[in-house]
Amino acid sequence: QVTLVESGGGLVPAGGSLRLSCAASERSFRPTFMAWFRQGPGKEREFVAAISQSDGTWYEGPTKGRATIARDNAKNTLYLNMYRLKPEDTAVYFCAASEGGYIADRESYKFWGQGTQVTVSS
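Residues numbered from 1 in each chain as written. Predicted model: local features only at pLDDT ≥ 70, side-chain atom pairs only at ≥ 80, totals over all residues. Heavy atoms only, no water.

K.L.:
Would you take a moment to explain the state of the cysteines for this structure?
P.N.:
Covalent bonding between the sulfur atoms of two cysteines is what defines a disulfide. Taken as a whole and judged by the stated rule, the model has one disulfide. Cys-22 shares a disulfide with Cys-95; S-S distance 2.0 Å. Residues Cys-22 and Cys-95 are joined through a disulfide that is left-handed, its torsion about the S-S bond being -70 degrees. Taken together, the residues span a long stretch of sequence, with Cys-22 in strand 3 (residues 18-24) and Cys-95 in strand 9 (residues 91-98) at a distance of 73 residues. With relative accessibility at 2%, the residue Cys-22 sits in the buried group. Owing to a relative accessible area of 0%, Cys-95 belongs among the buried residues under this scheme. (Disulfide = S-S within 2.5 Å. Helix = DSSP H or I, 4+ residues; strand = E, 2+ residues; numbered from the N terminus. Buried < 20%, exposed > 50% of the residue type's maximum accessible area, 1.4 Å probe, protein only.)

K.L.:
Looking at this structure, I do not really get the side chain of Ser-98. What am I missing?
P.N.:
Within the secondary structure, Ser-98 sits in strand 9. A distance of 2.8 Å separates a polar side-chain atom of Ser-98 from the backbone oxygen of Gly-100. At 2.7 Å, the side chain of Ser-98 and the backbone oxygen of Ser-108 are in polar contact. Not counting the four nearest positions on each side in its chain, Ser-98 is found in contact with Pro-31, Thr-32, Phe-33, Ser-108 and Tyr-109. (Polar contact = N/O pair within 3.5 Å; in protein donor to acceptor, adjacent residues only side chain to side chain. Contact = heavy atoms within 4.5 Å.)

K.L.:
Could you clarify how one ought to interpret unusual backbone geometry in this entry?
P.N.:
In most cases, non-glycine residues show a negative phi, while peptide bonds are predominantly trans. A positive phi angle, close to 75 degrees, is found at Asp-55, a residue other than glycine. Along the chain, Asp-55 falls in the loop between strand 5 (46-52) and strand 6 (57-59).

K.L.:
How should the pairing of strand 9 be read in this particular structure?
P.N.:
Within a regular beta strand, the side chains point alternately toward one face of the sheet and then the other, so they alternate between its two faces. With respect to burial, strand 9 is a largely interior element, seven of its eight residues being buried. Bridge count between strand 4 (residues 33-39) and strand 9: seven bridges; the pairing is antiparallel. Bridge pairing in strand 9 places Phe-33 opposite Ser-98. Inspection of the sheet shows strand 9 paired to strand 11 (residues 116-121) by three bridges, in the antiparallel sense. Counterpart to Ala-91 in the pairing with strand 11 is Val-118. Here strand 9 pairs with strand 10 (residues 109-112) via three bridges, running antiparallel. Within strand 10, the residue paired with Ala-96 across the bridge is Trp-112. (Pairing = 2+ DSSP bridges.)

K.L.:
Honestly, the sheet that holds strand 3 in this entry has me stumped. Any pointers?
P.N.:
Strands belonging to one sheet form pairs held by backbone hydrogen bonds; the direction of such a pair is parallel or antiparallel. The strand order across the open sheet built from four strands is 1-3-8-7, with neighbouring strands paired in antiparallel fashion. Whereas interior strands pair on both sides, the edge strands pair on one side only; in this sheet they are strand 1 (4-7) and strand 7 (67-72). Strand-to-strand, the axes of this sheet are offset by a mean angle of 20 degrees, without reference to chain direction. Bridge analysis of strand 7 against strand 8 (residues 77-82) gives six bridges, and the strand direction is antiparallel. Its bridge partner being in strand 8, Thr-68 is matched across the sheet by Asn-81. (Axes fitted to C-alpha atoms, helices over the stretch in contact; angles between N-to-C directions.)

The following block contains the structure:
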C-alpha cells in the first residue's frame with residue numbers, strides 16, 4: 001500500500017508564503033485525484049485543493065485564490081503553494097489520494113499522509 005509523507009510546514013509570518021510537499025512511496029502510483037486538506041484547532045478537516053489524473057485542478061474554501069496545487073510526476077511528489085497567508089490558515093495540512101468519487105469530498109480519499117503543521121503568526 002502506498003505511503004504519503006508531507007513536509008514543508010512550519011512557522012511563517014502573516015502575508016508570507018509556504019510550499020508544502022507530499023512524497024508518494026510508489027513510483028507508479030497515479031490515483032484519480034491527489035488533494036490537500038487541512039484541519040485547524042477544534043475544526044473539521046476541510047478540502048483545500050486537488051489535482052486530477054489529467055491535471056485539472058479544483059479549489060475551495062478560504063485559501064482559494066491564495067493557493068496553487070501542482071504535481072511533479074518524475075519526483076512522485078505533490079505540492080501546495082500558498083501565498084498571503086493569514087493566521088486563520090493555521091492548521092495541520094494533509095495530503096490525500098483518491099481512486100474516484102467527488103473531488104472535494106473527504107470520504108472519496110482513502111490514502112492519507114500524517115500531516116504537516118503550518119502556523120501563521122500575526
